Amino acid sequence: MAPGEKIKAKIKKNLPVTGPQAPNIKELMQWYCLNTNTHGCRRIVVSRGRLRRLLWILFTLTAVALIFWQCALLISSFYTVSVSIKVHFQKLDFPAVTICNINPYKYSAVRHLLADLEQETRAALKHLYGFSEITSRKRREAQSRSSVRKGTDPRFLNLAPLMALEKGDMGKARDFFTGRKRKVNARIIHKASDVMHIHNSKEVVGFQLCSNDTSDCAVYTFSSGVNAIQEWYKLHYMNIMAQVSQEKKINMSYSADELLVTCFFDGVSCDARNFTLFHHPMYGNCYTFNNRQNETILSTSMGGSEFGLQVILYINEEEYNPFLVSSTGAKVIVHRQDEYPFIEDMGTEIETAMATSIGMHLTESFKLSDPYSRCTEDWSDVQITNIFNATYSLQICLHSCFQAKMVENCGCAQYSQPLPQGANYCNYQQHPNWMYCYYQLHQAFVREELGCQSVCKEACSFKEWTLTTSLAQWPSEVSEKWLLSVLTWDQSQQIKKKLNKTDLAKLLIFYKDLNQRSIMENPANSIEQLLSNIGGQLGLWMSCSVVCVIEIIEVFFIDSLSIIARHQWHKAKGWWARRRAPACPEAPHIPQGRDNPGLNIDDDLPTFTSALSLPPAPGPQVPGTPPPRYNTLRLERAFSSQLTDTQVPAES
């Protein structure tokens, strides 16, 4: 064998056993556990104590089991080439439908309450535009029977004077009633939009409102006289109706039998008994279909107009108030059974002599509350008192907040909203200048100065029906004659006249399909995803796993703190022992190696060359070796005499 091969074999023989060269399984496993990057296996071998070793065995086996489980799921999902589609056809709950006539009260029932107001309104129109209102024969007869005397002092025009102001000179105004110009010592507040201008007029129309002491006044102007007169009329109308009891107002409005001519739902006939009365301050008697009567909610089995709600409404245009409303028809709103119907904000108008089809599509939304969004599940975290007998919504909160501010600042409640507990509606007798306070408060609300927008929150879960409206002429010319005759005969008990198509309106509300869309918010960063992302980064850059993290915690926290605590304990124990030990005389100084003057060395260890130059250290003389005893070197015979049998005979 060559010398190089002999040296290589000798070095290989002296090296420790590695890998498959181990003589048995035990040493192989021991080598693997000491050299592998799988920290759990290594900790099983090097850990001291049975408890720690047992814990590391449990951690490692659990991690291995989870790895096999996750890998099996991933492989199974990878080789499963299939698509899962779930389609649900089910009955959807039909929403509540509230229907109101645009005209709140019959003109024949309220004309004795509004006679003075209407007379002054007509007089203002005559002085402003120079024309007399043209009315039907029935209206002229009603006007002739009015108790208003010509020439009386205008009460409503004195409370809120109507006037016209020239755009070039806002300091002077022409009074509607007297026709004279006078100086205006008040702030001018223009109610028209600053963005859109329909036309340029030389004059703007408005009315003046003052505070209690009449020292602070404001003139609210409008770009159109129609808007100014309707707003002025509406303020006085609310003041008059606020003094009428609820029972009388219900009797002056339309009954369910008068408003509803025919009714069908899901192919089955229905009538006024399926509707619930809901009295609205500005729309009179409204009627809600499917309002959870007897704790049951109706549902529809199929989509399409044939399986929805179909009603024919009697509008009766002759009973309309000419100054309060300027359109003819009804309003309808779709909402949940436990929601308040804000008919004035979200209602859809229905035309007369037309068939209005409204297709619905349901969307249900679920939002995450704090800290993901600023929403609320109920009234628990909103410091506003609910004056509506309905579930929470943003509109309910805003209206409740404004009504509370109205009672707090003006001393009375606004007529178009529900009445808070312990408050009264505003009227001239108890609150002469409530209109000025209402307008000032409303402007502050629009500018978000009352704090309602910051206090109120959106609802976390809500249902929304997307409406698609289409119109068709109804009844048609070929079917008008027989259809109106039949309806007149059917309603002869309730309606004492022959019906015409301008008094009727047809409404169809239905689901376009039974597919419900749900919008749900989920956290973009959950705890599981956070741990997964952190683990991915640790594994990618540091080859670190959960077991490695546990090992780091054990070594750098548990063991390190234990060593420090043990060191401090021994240090404190030694200090305590030295403190309690008795004082003893000092021992004589014994020269140490560093006291040897011959050793002139520094902190570094001496090298071989420097060690040769060092002088010998002083010490006791070593005794010399005695000289050898040379007599011991002489050869001596092992036997004193020669044996006879070994003697050699002499030669002769």
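In this report, we go over the structure that sits alongside the text. (Residues numbered from 1 in each chain as written. Predicted model: local features only at pLDDT ≥ 70, side-chain atom pairs only at ≥ 80, totals over all residues. Heavy atoms only, no water.)

## What about the overall build of the protein?
Step number 1: On a plain count of helices and strands, the protein comes out with 18 helices and 22 strands.
Step number 2: Relative to its 652 residues, the protein shows a buried fraction of 35%.
Step number 3: Expressed as a percentage of contacts within the protein between residues at least 6 apart in sequence, the contacts between residues at least 24 apart total 71%.
Step number 4: Put simply, the protein shows about 43,300 Å² of open surface, and 56% of that area lies on carbon and sulfur atoms. (Helix = DSSP H or I, 4+ residues; strand = E, 2+ residues; numbered from the N terminus. Buried < 20%, exposed > 50% of the residue type's maximum accessible area, 1.4 Å probe, protein only. Contact = heavy atoms within 4.5 Å. Areas by Shrake-Rupley, 256 points an atom, 1.4 Å probe, with all protein chains shown as cover.)

## Some thoughts on the packing of helix α12 (residues 394–410) against helix α13 (residues 434–446)
Step number 1: Running from amino to carboxyl end, α12 crosses α13 at an angle of 135 degrees, the nearest separation of the two axes being 10 Å. Relative to α13, the element α12 lies oblique. Taken as a pair, α12 and α13 cross one another with a handedness that is right-handed. Note on element contacts: α13 touches α12 through Trp434, Cys437, Tyr438, Leu441, His442 and Phe445, opposite Leu398, Phe402, Lys405, Met406, Asn409 and Cys410.
Step number 2: The residue inventory of the contact of α12 with α13, partitioned by class, reads nine nonpolar, two polar and one charged. (Axes fitted to C-alpha atoms, helices over the stretch in contact; angles between N-to-C directions. Parallel < 35°, antiparallel > 145°, perpendicular 65-115°, else oblique. Left-handed = near helix turned anticlockwise from the far one by under 90°. Nonpolar A, V, L, I, M, F, W, Y, C, P; charged D, E, K, R; others polar.)

## A word on the state of the cysteines
Step number 1: Taken as a whole and judged by the stated rule, the model has eight disulfides.
Step number 2: Residue pairing for cysteine 263: its cysteine sulfur links by disulfide to cysteine 270, the two sulfurs lying 1.7 Å apart. Given an S-S torsion of about -80 degrees, the disulfide between cysteine 263 and cysteine 270 has left-handed geometry.
Step number 3: Cysteine 270 gets classed as buried once you look at its relative accessible area, which sits at 12%.
Step number 4: Between the sulfur atoms of cysteine 375 and its disulfide mate cysteine 460 the distance is 2.1 Å. (Disulfide = S-S within 2.5 Å.)

## A closer look at the packing of helix α8 (residues 225–241) against α13
Step number 1: Packing of α8 against α13 brings their axes to within 11 Å, and their N-to-C directions diverge by 120 degrees. The angle between α8 and α13 falls in the class oblique. The two elements α8 and α13 cross, and the hand of that crossing is right-handed. Across the interface between the two elements, Glu231, Leu235, His236, Met238 and Asn239 of α8 pack against Trp434, Met435, Tyr438 and Tyr439 of α13.
Step number 2: Split into classes, the residues belonging to the contact of α8 with α13 amount to six nonpolar, two polar and one charged.

## A word on helix α15 (residues 480–490)
Step number 1: Within α15 the residues assigned to the buried category are Leu483, Leu484, Leu487 and Thr488. Buried residues of α15, viewed axially, fall in a sector of 130 degrees; they line one side. In α15, the exposed residues that point more than 90 degrees away from the buried face are Lys481, Trp482 and Trp489.
Step number 2: Those residues of α15 that are buried lie in contact with β9 (260–265), β14 (309–314) and β21 (504–511). (Arc of directions from axis to C-beta.)

## Things to note about the sheet that holds strand β11 (residues 275–280)
Step number 1: Strand order in the open sheet made by the five strands is β11-β12-β2-β15-β16, with antiparallel pairing throughout. Each edge of the open sheet carries a strand with a single partner, namely β11 and β16 (348–350). For this sheet, the mean angle separating the axes of adjacent strands, direction not counted, is 30 degrees. (Pairing = 2+ DSSP bridges.)

## Observations concerning the pattern of salt bridges
Step number 1: Counted according to the given criterion, the structure contains eight salt bridges.
Step number 2: A salt bridge links lysine 106 to glutamate 258; the nearest nitrogen and oxygen atoms lie 3.0 Å apart. On the criterion of sequence distance, the pair formed by lysine 106 in the loop between β2 (96–101) and α5 (107–129) and glutamate 258 in helix α10 (residues 256–259) is long-range, its members being 152 residues apart.
Step number 3: Judged by its relative accessible area of 18%, glutamate 258 falls in the buried class.
Step number 4: Ionic pairing is found between lysine 457 and aspartate 381, a salt bridge with its closest N-O pair at 3.3 Å. One end of the pair, lysine 457, is in the loop between α14 (452–455) and β19 (458–459); the other, aspartate 381, is in the loop between β18 (375–376) and α12, and 76 residues separate them in sequence. (Salt bridge = Lys/Arg side-chain N within 4 Å of Asp/Glu carboxyl O.)

## Describing the packing of aromatic side chains
Step number 1: Taken as a whole and assessed by the stated rule, the structure comprises 21 aromatic pairs.
Step number 2: A centroid spacing of 5.2 Å and a plane angle of 55 degrees characterise the contact between phenylalanine 265 and phenylalanine 289, whose relative ring orientation is tilted. Of this pair, phenylalanine 265 sits in strand β9 while phenylalanine 289 is found in strand β12 (residues 284–289), placing the two residues 24 residues apart along the sequence.
Step number 3: One aromatic cluster is present, built from ring pairs that chain together Phe207, Tyr220, Phe222, Phe402, Trp434, Tyr438, Tyr439 and Phe445. (Phe/Tyr/Trp six-rings, centres within 6.5 Å; stacked < 30°, edge-to-face > 60°.)

## Things to note about the pairing of strand β17 (residues 354–366)
Step number 1: Extensive coverage of β17 is indicated by the burial of eleven of its 13 residues.
Step number 2: Judged from the 13 bridges that link them, β17 and strand β20 (residues 461–473) form a sheet pairing that is antiparallel. Pairing of serine 365 across the sheet is with phenylalanine 462, part of β20.
Step number 3: Examined bridge by bridge, β17 and β21 share six bridges and lie parallel to one another. Its bridge partner lying in β21, serine 357 is registered against leucine 508.
Step number 4: Pairing geometry for β17 and strand β22 (residues 517–520), over four bridges, is parallel. When the sheet's bridge partners are listed, glutamate 364 is paired in β22 with serine 518.

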